[in-house]
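Structure at a glance
Listed below are the residues making up each chain.
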Amino acid sequence: MKNTGEIRRHTIAVLVDNEAGVLARVIGLFSGRGYNIESLTVAEVDSAKSLSRITIVTSGTAMVIVQIKAQLGRLVPVHKVADLTIDGPSIEREMALIKVEGVGEKRVESLRIADIFRARVVDSTTHSFVFELTGSMEKLNAFVDLMKPLGLVDVGRTGVVAISRGPDPI
Amino acid sequence: MSSKMMTGAEIILQALADQGVEVVFGYPGGAVLPIYDELFRQSNRIRHVLSRQEGGSVHAAEGYARSTGKPGVVLVTSGPGATNAVTGLTDALMDSVPLVCLTGQVATHMIGNDAFQEADTVGITRPCTKHNYLVKDINDLGRVMHEAFYVATHGRPGPVVVDLPKDIQLASAPYKSPVKFAHPSYKPQVKGDQQAIRKAVEMIAKAERPIFYCGGGVINSGENAVKLVTEFVRMTGFPITNTLMGLGGFPGTDPQCLGMLGMHGTFEANNAMHDCDVMIAIGARFDDRVTGRLDAFSPKSKKIQIDIDPSSINKNVAVDLPIIGDVGHIMEDMMKIWRTSARQPNKEALAKWWTRIGKWRDRNCLAYRQDDKVIKPQYALERLYELTKSRNPYITTEVGQHQMWAAQFFKFNDPKHWMTSGGLGTMGYGLPAALGVQIAHPDALVIDVAGEASILMNIQEMATLAQYRLPVKIFILNNQYMGMVRQWQELLHGGRYSESYSESLPDFVKLAESFGAAGLRCTNPGDVDDCIKEMIAIDKAVIVDMVVDQTENCFPMVPSGAAHNEMILGDDKEADKPRVSDQGFALV
């Protein structure tokens, strides 16, 4: 039953106590129960209350996604679980640092595409660039694909962070 | 309340006392010596029960907890002490048993250095506990101790580990007894949604072929919940079936009780589950041993599920009406709404439903044939039940055929009298669990129904029985096989009995005597009653070596990969023939 139905991608935000082992609990839950992690980010968001926010991009059938949220919700250091994909409109962003190496026409072309994508040059040598690019996961994927024939040598990505639209917190 | 300076070890003992802990099950070692020293100094405050292996300590604490409803407390050392506890912790997690397990740890400055008897206890126990703590600051110790008890006992109960580095046990800090503890993030929902409860009442009143399917959650919710469920079931006149963990949550001798359901459940319970139109699941988690083939599980029913754990809902089976909350609270509201809206069950439809159930009952699915030569295991258990029921015994079991037969043939009219390893299926659970039960109920009759293979897994606890003069009765159904393994090999693997023969068994009578217990052997069906009576009369631990039919299989059985209405019955001529689908072959 849990294997039937359409598999969808969901972005889940989890507010947790910023304490030792909390990330291991979340990751252990996903690996132990066989759920997917497409992307995971974590950082402290409230130092006074010592709270961190974990953003997880996962995929599964509706029944599996409900189960993932319930399993996250019953972890003791978890304060809140929000499904940004279905709880309402939300914004997702990811940042990447992309290193491209080359000279001549390839170098010019990479810079031209970077301009179209509104990527910034944050490091430059006579034969390389490091671009900084922010956007959706898809936009970053597209940019990386375009850089491949132009001398792509290294990519660093943050993973997705997301937040709901409007005035209310999750 | 004013605070007082104390050492870590003193804080631990004070916190245990403040939590009302009377007994600790444990085993000493280097990393917990300061706590053991404090136990010695304050020996009149908290009783320590020394088991013979840490695994035994955890199961004993489980038996104590399940027979009292209070959390069980375990104290073990670092490294091997903690790793030996892992099976018991996993067992307690699967069966929702409240435990607090204190583990010693090497000093904080040595953590991560591969020190002597160091293990990453919080890392190892993270997936097998409800929650765990490593105390690295003495100022956190008091709070963590109380938080551990709160987490273990609130919501769905479970085991909690507190890892205690040795330097923390020796350091000092102020300690304040807690007035009331409120956890900042862990607040399980207790009250059920009123609208959902109202809708449930409506569905129940309209039901034509209803069934209550009740699990261990009813018992965990407390005596009031058991009382309310019993009252509600009787008020509606509906049939009820209990899971392995739920036995005793409704009187087993009541005619409304159809017995256990699932793989080795009764014919009537499984057929009623399959054909019902409204299923009311209370504190039960649709385990694979209960459901059989999922896509054929109770296909025509609307399902109501009451559970305190949101992750138990819609995990295996999609339900139509989930109600999250505590069984006791929800049943109280349900009863109120039922009464104020003057609901009545559909009596006419119900009478028809009971007629159908009666026909399934008439099939007499637990029947067996006892001759005058070889003792049938079912006969031994049926006699054990008949000859002990007046004393309302506490029954624990190991895991295997004997466990299922015990579940089938014992009728429990009270909760907390049946302790068995359900979710994890831990062989070796029964003897230490019985030990813990007997500690909690010194005057009660406590029986461990065992197999000759399982009992050897924690046989060292015989010494614990001797030390504390615990009159636990160990009732071994000795068929010289790991019976359930042998049964599956017979039905699924062409009778190739790979490694399932119990070779080189000890003489259980002599073994009992060597531990200061009494040993009895019975080989003749005519002697079964006398043997059981003698066992009860002996005022100390007894091992009964009941030599039973080697080839008896446990029926009825829903073979793996089959549906509830495709049961194999024991008197079926084809019963012992293999009949498992290719898909079912891969299932455990």
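A few points on the structure. (Residues numbered from 1 in each chain as written. Chains lettered and ligands numbered in written order. Predicted model: local features only at pLDDT ≥ 70, side-chain atom pairs only at ≥ 80, totals over all residues. Heavy atoms only, no water.)

On to the overall build of chain B, then. Counting its regular elements, chain B contains 23 helices and 20 strands. Relative to the globule expectation of 25 Å for 588 residues, the C-alpha radius of gyration of chain B, 24 Å, shows essentially globular dimensions. Principal axes of the C-alpha set define a box for chain B whose edges measure 70 × 60 × 45 Å. Every one of the 588 residues in chain B was classed for burial, and the buried ones make up 62%. For chain B, contacts bridging at least 24 residues in sequence account for 76% of all contacts bridging at least 6. Each charge sign in chain B was given a centre, from 58 positive and 66 negative side chains, and these centres are 6 Å apart. (Helix = DSSP H or I, 4+ residues; strand = E, 2+ residues; numbered from the N terminus. Rg over C-alpha atoms; globule rule 2.2 N^0.38 Å. Buried < 20%, exposed > 50% of the residue type's maximum accessible area, 1.4 Å probe, protein only. Contact = heavy atoms within 4.5 Å. Lys, Arg positive; Asp, Glu negative; His and termini not counted. Charge placed at Lys NZ, Arg CZ, Asp CG, Glu CD.)

With that settled, consider the sheet that holds strand E3 (residues 51-60) of chain A. All names here are of chain A. Here 4 strands make up an open sheet; going across it, the order is E2-E3-E1-E4 and the pairing antiparallel. Two strands close off the open sheet at either side, each with one partner strand: strand E2 (39-46) and strand E4 (78-83). Taking each pair of neighbouring strands and ignoring which way they run, the sheet shows an average axis angle of 20 degrees. In the sheet, E2 pairs with E3 via 7 bridges, with the strands oriented antiparallel. Looking at E3, one finds that Glu-44 is bridged to Ser-52. Against the sheet, helix H1 (residues 22-32) touches strand E1 (8-17), E2 and E3, its axis set at about 10 degrees to E3. (Pairing = 2+ DSSP bridges. Axes fitted to C-alpha atoms, helices over the stretch in contact; angles between N-to-C directions.)

Attention now goes to the pairing of strand E7 (residues 159-165) of chain B. All names here are of chain B. The buried count for E7 comes to 7 of 7 residues, which makes it a mostly enclosed element. Here E7 shows two buried faces, one formed by Pro-159, Val-161, Asp-163 and Pro-165 and the other by Val-160, Val-162 and Leu-164. Here 7 bridges tie strand E5 (residues 99-105) to E7, and the two strands are oriented parallel to one another. From the neighbouring strand, Cys-101 faces E7, where its bridge partner is Val-161. Of the strand pairs in this sheet, strand E6 (residues 131-134) and E7 are connected by 4 bridges, and their pairing is parallel. Note on E7: the bridge partner recorded for His-131 is Val-160. A crossover connection joins E6 to the parallel E7 through helix H7 (residues 141-153); in handedness this β-α-β unit is right-handed. (Right-handed = clockwise from strand over helix to strand, strands pointing away.)

All names here are of chain B. The omega torsion of the bond from Phe-555 to Pro-556 falls at -5 degrees, within 30 degrees of zero and hence cis. Positive phi, normally seen in glycine, also occurs at Ser-96, with a value near 55 degrees. As for its placement among the helices and strands, Ser-96 is situated in the loop between helix H5 (86-94) and E5. Owing to a relative accessible area of 9%, Ser-96 belongs among the buried residues under this scheme. In this model, Lys-416 sits at a positive phi of 65 degrees, which is unusual for a non-glycine residue.

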